[in-house]
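So the chains spell out like this:
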Amino acid sequence: MTDAVTNPLLAPPALPYDLPPYGRIRPEHYLPAFHEAFAAHRAEVDAITAQTDEPTFENTLLALERSGGLLDRVGRTFYTVTSADGTAEIQEIEEELAPLMAAHSDAIQLDATLFARIAEVHAHLDRLDLDAESRYLVERRHREMSLAGAGLDDTQKARLTDLNQRLSVLTTTFEKNLLADTNDLAVVFDDAAELDGLGAGELSAAAQAATSRGLDGRYVVTLTLYTGHPYLASLTNRESRRRLLEASRSRAARGNAHDNRDVLREIVRVRAERAALLGYPSHAAAVLADQTAGSPDAARDLLRRLAVPAAANARSEQDALQKIADADGIHIEAADWALYTEKVRAERYDLDRAELRPWFEAERVLRDGVFFAAEQLYGVTIAERHDLQGYHPEVRVFEVRNADGGELGLFLLDLYTRDSKRGGAWMNSIVTQSTLRGTAPVVVNNLNVNKPAPGTPTLLTLDEVTTLFHEFGHALHGLFATVTYPHFAGTAVYRDFVEFPSQVNEMWILWPEILTNYARHIDTGEPLPSDVVDRLHASEAFNQGFATSEYLAASWIDQAWHGLSVDEASAEIDVAEFEAAALADIGLDNPVVPTRYASTYFAHVFSGGYSAGYYSYIWSEVLDADTVEWFRENGGLVRANGERFRQKVLGVGGAGDPLAAYRDFRGRDADIRPLLERRGLTG
């Protein structure tokens, strides 16, 4: 028998901030805990629907918010591990759990009696004396259940449940295949000469990765989630660059057991059928109906508007690269872009970004950069808790307190790559804040920095510094959101708004008082020279044609797949041909500028939460660029500005219309002009 004595997942939380007792949790604890949590949640919802009293906010909406606490706790504990330490045993559990979780979610979301009660409260909303958050809860719950299919008949609901369960299995399979093929395709080099151009720390990391795979004396370069790789900017051996890029682009499309092409085609078809069942012409239409964009046309209009100047800028950048490559007798290919970009950057701005790494030691960037900026802007204090344990030995735990010393939450950092971690970088909440439940936030940032050999410092690239600041922006959003209801906790906002706070946090990377505090040479302690800083600022719009084009290309591929009708999605589709046609349609079919993600490894949309929503980054960047301008106009890094941004944007969580919150903060709607200027798209 499973109980709180034998299963730590079922015991009442006992650690600070309800941090899960990861040191005691074993894989065999998860499924029994989920089964008990499913039953408890179902019983709580049944108690709501069994009532004969007239539906009220208190006996229906409030009761629903109180339900599901155990499932939320078990689920967040488990899914944190599946993405960050997905061992074979954990993956097997996830595969078994996926359809069960989908079925349980549908049983709640499609419950006709529950929906009828919520609809009754919604119908009389104007008569109720509710505060703004409670009123918004009624509106959101009613809309979400409507969009989920709660109004369908029983036959339609049965089909919808089947589709949702099938999707849960498919998306889990997609991620499993991608992780396996990414590990299999890590590039093995026999000789350090093949990696000429890498620094000592990078070579150390490659040697360490080889040793961990039983390949002593050799070098292994693991792949990043996106198409490119940071090392492409440094490797002087052209064949090494080609091997690295070829491995990246072939992931999950090699005709082996990890091939994702059939999987993604079925995902697209099932999503299209589900959308049709819900009354939408495509999956994109169904998704964007409940985003700030409102419709696929609005998102696509923005993408098309930006694609033309971005593609033109990329072609100009390519011409500049080719002029330098001519001296080497090279015709520029995709694998050459990053290296020759750095050569042009060095020629034009006298700047070699690879040489900046000694100024970006990871611990100093974290404490004296990322944390320091938050402390200055928001008054928080952040201290490591060595007495608390994360889900993996490499995870570090920090306590965050408010300016008055009061407890705020925990921040966990999982910095390094490993074979059991999916690619990319992300933030998730292990515990969310809710005054109704009396819980405080526990959030985690995951990155995939290569780990050097023991005793060797971790030196970051400027891109990795940017990622660290970016993900901590998500963490701050999760920490600062202060809501009553769990439904609105943390970063539970519209998908095309969620990237906004994280992008804003990137502004502090080169802010003078922050940069001088953390960018200190690893050996001498000297700050990054002011002339180098000036050149970094001067080069901010450099290579933006490439960066914008590769991003827009991926966004357009996402829209193309998810814009298909059910009939179109049911046809035989060649994945490579489909991608090529989509990129040609928007004018981003330059072979030297590959898409940031190709379909078979596009985890954001085929196994993550960004399906039909990858446009969100640029959509949110309109708000971000406009907000950066506001900070500059109002004194920058001062507590009053931080408090305003925290209270009016970050602190709202999902408890209100995000664009209304933005208008409250900015005093008007966002202006696109700062974004166009930032990306060099105004010419």
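Fair warning: this is a prediction, and the values are worked out from it, not measured in the lab. (Residues numbered from 1 in each chain as written. Predicted model: local features only at pLDDT ≥ 70, side-chain atom pairs only at ≥ 80, totals over all residues. Heavy atoms only, no water.)

**Regarding the overall build of the protein**
Right, on to step 1. From N to C terminus, the protein includes 26 helices and 7 strands.
Right, on to step 2. By the compact-globule yardstick of 26 Å for 683 residues, the protein fits well, its C-alpha radius of gyration being 25 Å.
Right, on to step 3. Reported as C-alpha extents along the three principal axes, the dimensions of the protein are approximately 80 × 60 × 55 Å.
Right, on to step 4. A burial count over the protein gives 56% of its 683 residues as buried.
Right, on to step 5. Pairs at least 24 apart in sequence give 75% of the contacts found in the protein among residues at least 6 apart.
Right, on to step 6. For the protein, the exposed area adds up to about 26800 Å²; of that, 49% sits on carbon and sulfur atoms. (Helix = DSSP H or I, 4+ residues; strand = E, 2+ residues; numbered from the N terminus. Rg over C-alpha atoms; globule rule 2.2 N^0.38 Å. Buried < 20%, exposed > 50% of the residue type's maximum accessible area, 1.4 Å probe, protein only. Contact = heavy atoms within 4.5 Å. Areas by Shrake-Rupley, 256 points an atom, 1.4 Å probe, with all protein chains shown as cover.)

**A closer look at the sheet that holds strand 4 (residues 396-401)**
What links the strands of a sheet is backbone hydrogen bonding, and the strands pair in either a parallel or an antiparallel sense.
Right, on to step 1. The mixed open sheet is built from 5 strands, whose spatial order is 3-4-5-7-6. If you trace the sheet from one side to the other, it starts and ends with strand 3 (381-384) and strand 6 (426-431), each paired once. The sheet shows a mean angle of 25 degrees between the axes of neighbouring strands, direction not considered.
Right, on to step 2. Seen against the sheet, helix 15 (residues 462-480) touches strand 3, strand 4, strand 5 (407-416), strand 6 and strand 7 (442-449) and runs at an angle of roughly 170 degrees to strand 7. (Pairing = 2+ DSSP bridges. Axes fitted to C-alpha atoms, helices over the stretch in contact; angles between N-to-C directions.)

**Quick word on the packing of aromatic side chains**
Right, on to step 1. The final tally for this structure, using the stated rule, is 38 aromatic pairs.
Right, on to step 2. Geometrically, the ring pair formed by Phe371 and Phe398 is edge-to-face, given 5.1 Å between the ring centres and 75 degrees between the ring planes. With Phe371 in helix 14 (residues 362-378) and Phe398 in strand 4, the pair connects residues that are 27 residues apart, well separated along the chain. Phe398 carries the same exposure label as Phe371, and that label is buried.
Right, on to step 3. When the centroid spacing of 5.6 Å and the interplanar angle of 75 degrees are considered together, the rings of Phe500 and Tyr662 count as edge-to-face. With Phe500 in helix 16 (residues 499-505) and Tyr662 in helix 25 (residues 658-666), the pair connects residues that are 162 residues apart, well separated along the chain. You'll find Phe500 and Tyr662 in the same group, each marked buried.
Right, on to step 4. By the ring-pair criterion, three or more aromatic residues cluster together here, those being Phe497, Phe500, Trp508, Trp511, Trp630, Phe631, Phe645, Tyr662 and Phe665. (Phe/Tyr/Trp six-rings, centres within 6.5 Å; stacked < 30°, edge-to-face > 60°.)

**Comments concerning the pairing of strand 5**
Along a regular strand, successive side chains alternate from one face of the sheet to the other.
Right, on to step 1. In terms of burial, strand 5 is largely enclosed, as 9 of its 10 residues are buried.
Right, on to step 2. Where strand 5 lies against strand 7, 6 bridges are found, and the strand directions are parallel. Its bridge partner lying in strand 7, Asp414 is registered against Asn446.

**Observations concerning the packing of helix 14 against helix 24 (residues 639-648)**
Angle between the axes and distance between the axes: these two values describe a pair of packed helices.
Right, on to step 1. It is the contact of helix 14 with helix 24, at a shortest axis distance of 6 Å, that shows an interaxial angle of 90 degrees. The angle between helix 14 and helix 24 falls in the class roughly perpendicular. Contact residues: Gln376, Leu377 and Tyr378 in helix 14; Arg639, Gly642, Glu643, Phe645 and Arg646 in helix 24.
Right, on to step 2. Tallied by class, residues from the contact of helix 14 with helix 24 come to 3 nonpolar, 2 polar and 3 charged. (Parallel < 35°, antiparallel > 145°, perpendicular 65-115°, else oblique. Nonpolar A, V, L, I, M, F, W, Y, C, P; charged D, E, K, R; others polar.)

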